[in-house]
Amino acid sequence: MEKAAASVKVLKSELSKVKDDVLVVGLFKGKLDLTPEIKREKEIYDTLSSYIKNNDFKAEKGEARSVYLNKNIKNILLIGLGEEDKFNFDVLSCVIADVSRRLRDNGSESFSILLESFVNGKFKEEEAVEKIVLSCLMGLYRFTEYKTKDKEKIKYIKNITVITNSGKNFEEEIKYASTVANAVNKTRDLVNTPPNIANPEYVAAYAKSIASKLNLKCTVFDEKQIEKMKMECFIAVAKGSANKPRLVVLEYQGAGKSQKPIAIVGKGVTFDSGGLNLKPYPYILNMKDDKAGAIAAIHIIAACALLKLPVNLIVITPLCENMPSSTSYRPDDVLKAYNGLTVEVRNTDAEGRLILADALSYAAELKPQAIIDIASLTGASLIALGYVGTPFLSTDEKLAEKMNEASKKSLEKIWEFPLWQEYEDNLKSDVADIKHISDDGDAGVIIGATFLKNFISDVPWLHIDIGTTAWSKVDKGVLTKGASGATIRLVMEFLRSYKL
Ligand code: BES
Ligand code: ZN
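Residues numbered from 1 in each chain as written. Chains lettered and ligands numbered in written order. Predicted model: local features only at pLDDT ≥ 70, side-chain atom pairs only at ≥ 80, totals over all residues. Heavy atoms only, no water.

1. Considering the pairing of strand β11 (residues 312-322)
Where a strand is regular, its side chains alternate between the two sheet faces. Definition in use: Three labels apply to residues, based on accessible area from a 1.4 Å probe with only protein chains included: buried if under 20% of the type maximum, exposed if over 50%, partly exposed otherwise in between. Strands are runs of DSSP state E lasting at least 2 residues, helices are runs of H or I lasting at least 4, and numbering of each runs from the N terminus. Strands are labelled as partners when DSSP assigns at least two bridges between them.
Counting buried residues along β11, 11 of its 11 residues qualify, which places the element largely inside the surrounding structure. In β11, alternate side chains face the same way, and those of Asn312, Ile314, Ile316, Pro318, Cys320 and Asn322 on one face and Leu313, Val315, Thr317, Leu319 and Glu321 on the other are all buried. Here eight bridges tie strand β8 (residues 246-253) to β11, and the two strands are oriented antiparallel to one another. For Leu250, the partnering residue across the bridge sits in β11 and is Val315. Across four bridges, strand β9 (residues 262-266) lies against β11 in parallel orientation. Directly across from Val265, in β11, lies its bridge partner Ile316. As judged from the four bridges shared by strand β10 (residues 268-272) and β11, these two strands associate in the parallel manner.

2. Side note on the site of ligand 1
Note the following rule: Proximity is defined per residue: if any heavy atom of the residue lies within 4 Å of a molecule or strand, that residue is considered near it. The definition of a polar contact used here is a pair of N or O atoms within 3.5 Å, where within protein one atom must be able to donate a hydrogen and the other to accept one, and adjacent residues in sequence count solely through side-chain atom pairs. Each cavity reported here is a set of points on a 1 Å grid over the protein atoms alone in which a 1.4 Å probe fits but cannot get out, each pocket an open set with protein on both sides within 12 Å along at least five of seven lines, and each lining residue one with an atom within 4 Å of a point. Being in a pocket or cavity means that more than half of the molecule's atoms lie within 2 Å of its grid points.
Taken together, 15 residues lie near ligand 1, and Lys279, Asp290, Asp349, Glu351 and Gly379 sit nearest. Taking Asp349, its side chain carries an N or O atom lying 2.8 Å from an oxygen atom of ligand 1. Between ligand 1 and Leu377 there is a distance of 3.3 Å, counted from a nitrogen atom to a backbone nitrogen or oxygen. According to the grid-proximity analysis, the pocket containing ligand 1 is the largest pocket.

3. A few points about helix α9 (residues 292-307)
Formally: Expected span of a helix: the number of residues minus one, times 1.5 Å.
Along its 16 residues, α9 runs 22 Å from first to last C-alpha, staying within 8% of the 22 Å computed at 1.5 Å per residue. With 15 of 16 residues buried, α9 is to be regarded as a mostly interior element. Backbone geometry just downstream of α9 places Lys308 in the positive-phi region, at approximately 55°.

4. Details of the environment of Gly448
Just so we agree on the cut-off: The contact criterion used throughout is that any non-hydrogen atoms of two residues lie within 4.5 Å.
Along the chain, Gly448 turns up in helix α13 (residues 444-452). Once the C-alpha coordinates of Gly448 and Asn215 are considered, the two residues, 233 residues apart in sequence, prove to be 35 Å apart. What Gly448 contacts, discounting residues up to four positions off in sequence, is Arg353 and Leu377.

5. Focus on the sheet that holds strand β12 (residues 334-336)
In a beta sheet, neighbouring strands pair by backbone hydrogen bonds and run either parallel or antiparallel. Taking strand neighbours across the sheet as the criterion, the three strands line up as β12-β13-β17 in an open arrangement whose pairing is mixed. The open sheet has two edge strands with one neighbour each: β12 and β17 (434-435). Pairing between β12 and strand β13 (residues 342-344): three bridges, direction antiparallel. When the bridges of β13 are listed, Lys336 appears paired with Thr342.

6. Details of the layout of surface pockets
For the record, the criterion: Grid points are joined across faces, edges and corners, and a volume is the space filled by probe spheres set on the points. When residues are sorted by character, Ala, Val, Leu, Ile, Met, Phe, Trp, Tyr, Cys and Pro go into the nonpolar class, Asp, Glu, Lys and Arg into the charged class, and all the rest, Gly among them, into the polar class.
Its boundaries defined by the atoms lining it, the largest pocket holds a volume of some 1000 Å³. For the lining of the largest pocket, the elements supplying multiple residues, two or more each, are α10 (352-365), α11 (380-385) and α13. At three residues, α11 tops the list of elements feeding residues into the lining of the largest pocket. Split by residue class, the lining of the largest pocket holds 14 nonpolar, 12 polar and 10 charged.

7. Observations regarding the coordination of the zinc ion (ligand 2)
Our working definition: Counted as donors are the N, O and S atoms within 2.8 Å of the metal, or 3.2 Å for Na, K and Ca, while water is not among the atoms, so some sites may look incomplete. Labels for metal geometry use angle windows, namely 85 to 135 degrees for all angles of a four-donor tetrahedral site, and for square planar (four donors) or octahedral (six donors) sites opposite donors over 155 degrees apart plus all others within 65 to 115; sites meeting none of these are irregular.
Distances from the zinc ion (ligand 2) to its protein donors, Asp272 (OD), Asp349 (O), Asp349 (OD) and Glu351 (OE), fall within 2.0 to 2.2 Å. Coordination at the zinc ion (ligand 2) comes from six donor atoms whose angles at the metal span 71 to 174°, giving a geometry best classed as irregular. Written as a sequence motif, the donor arrangement for the zinc ion (ligand 2) is D-x76-D-x1-E. On the criterion of sequence distance, the pair formed by Asp272 in strand β10 and Glu351 in the loop between β13 and α10 is long-range, its members being 79 residues apart.

8. Observations regarding empty space enclosed by the protein
A full pass over the atoms with the stated rule returns four cavities of 30 Å³ or more. By volume, the largest cavity amounts to about 60 Å³. Surrounding the largest cavity, Ser13, Glu14, Leu15, Glu37, Arg40, Glu41, Leu114, Ile163, Thr164 and Asn165 form its lining. Those elements that place two or more of their residues in the lining of the largest cavity are α1 (36-40) and β6 (159-164).

Just distances and angles here, no functional claims.
This is the structure in structure tokens:
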């Protein structure tokens, strides 16, 4: 991660005692009256109200004006929040992340946020603080690891202060938000790390080092062991690459031994060339992000350990590279999965579901209370929900309901797709028990999940397809260009409020 990641603190203070380069103040459209804290500070109040009166500031969502004060506070940045009745945490989060980046890129090294100007009656302050901290830290993320030129010119925000006179110190919220933001940003770092470096061995070593720091149990299986375990689907996908596969299993015990763990399975294809069904340019670009599910899962268990969440978790990540070569697996191959089902291969680019077939069967054998898998499984997820939301599917209504609740709280948008029985006909094979894709390509997200459903035994299961949302093309709100860290806020929220 960038060395100079910002630190966020809360300051319980009167405005008169605040000293900073910039104070960020939010205002609603058509409601340009200033907060009581500002009204108490005559000089600030006079400057701001005359600015608002004499300039055409409408407080449209995202509209920003810098007002020069040159006192303890050098500048006030007025930020439009749009109409008050449309204001919600999504708007708050987006505005704060955009403002953080804007201030950094304009050369500020620190800024303060006037909390009271960003909460209205609808919000709990605690939740607002959490969202603000997460949004600043996620919005400021950048991947600069491989830049060698002009490093000294890169601008950083060092300190962010949330100013409040509410009397609360929000310690818990800051800890939760910083830990989750850190998990997101470290996930982004590793997913952004180029595939010539972040190969299966590298990722496994990374997981091991996290585990040893946090006292997590970590088992790494190498190619020979994976072969011995008869994970033929996983091995087949890995066969085309000189970079050998690894299976990483991480365990965290935050609750009593009697509580069955939740298993999180993450797809870890460190580069997806498509294999013999080679992806053409430009579709082959960014396929280093095909490990995003595995990397998210690793950082989720790490964050749970740091926060000491009272859950038992087991993370399972099959890591491999999908490459074309004379040792590659082929369309027409028939493979025997870990659970004994035979699978007819039709297209070597649908490799994710094959490595997950084995990892899910392995997870199911451990009899966890639920399995959640996170996988950049299909390009069809783009057709389904665009870049805005992530499709998910589940065999268990309660699990789906809990994930939907976590989605609302975490601001990570997800949408459930059906697992109707009719789709199973599409996977009938002439030569094996099933084939792994359908011939027509219709309902791609659902067909992917329908295939995976064969490997979860009777364990409640929920599949999250981050094919599209693992990556962002733009800096927008909490998203920054490149790997997104998708599902971390969502699954952390799910686990935080998880009750048996
Ligand atoms: N890693 C891809 C999924 C993907 C594709 C994500 C494009 C983002 C953009 C996955 O392994 C894949 O290649 N899936 C194929 C499946 C198809 C052959 C049934 C896809 O979606 O094109
Ligand atoms: Zn693929």
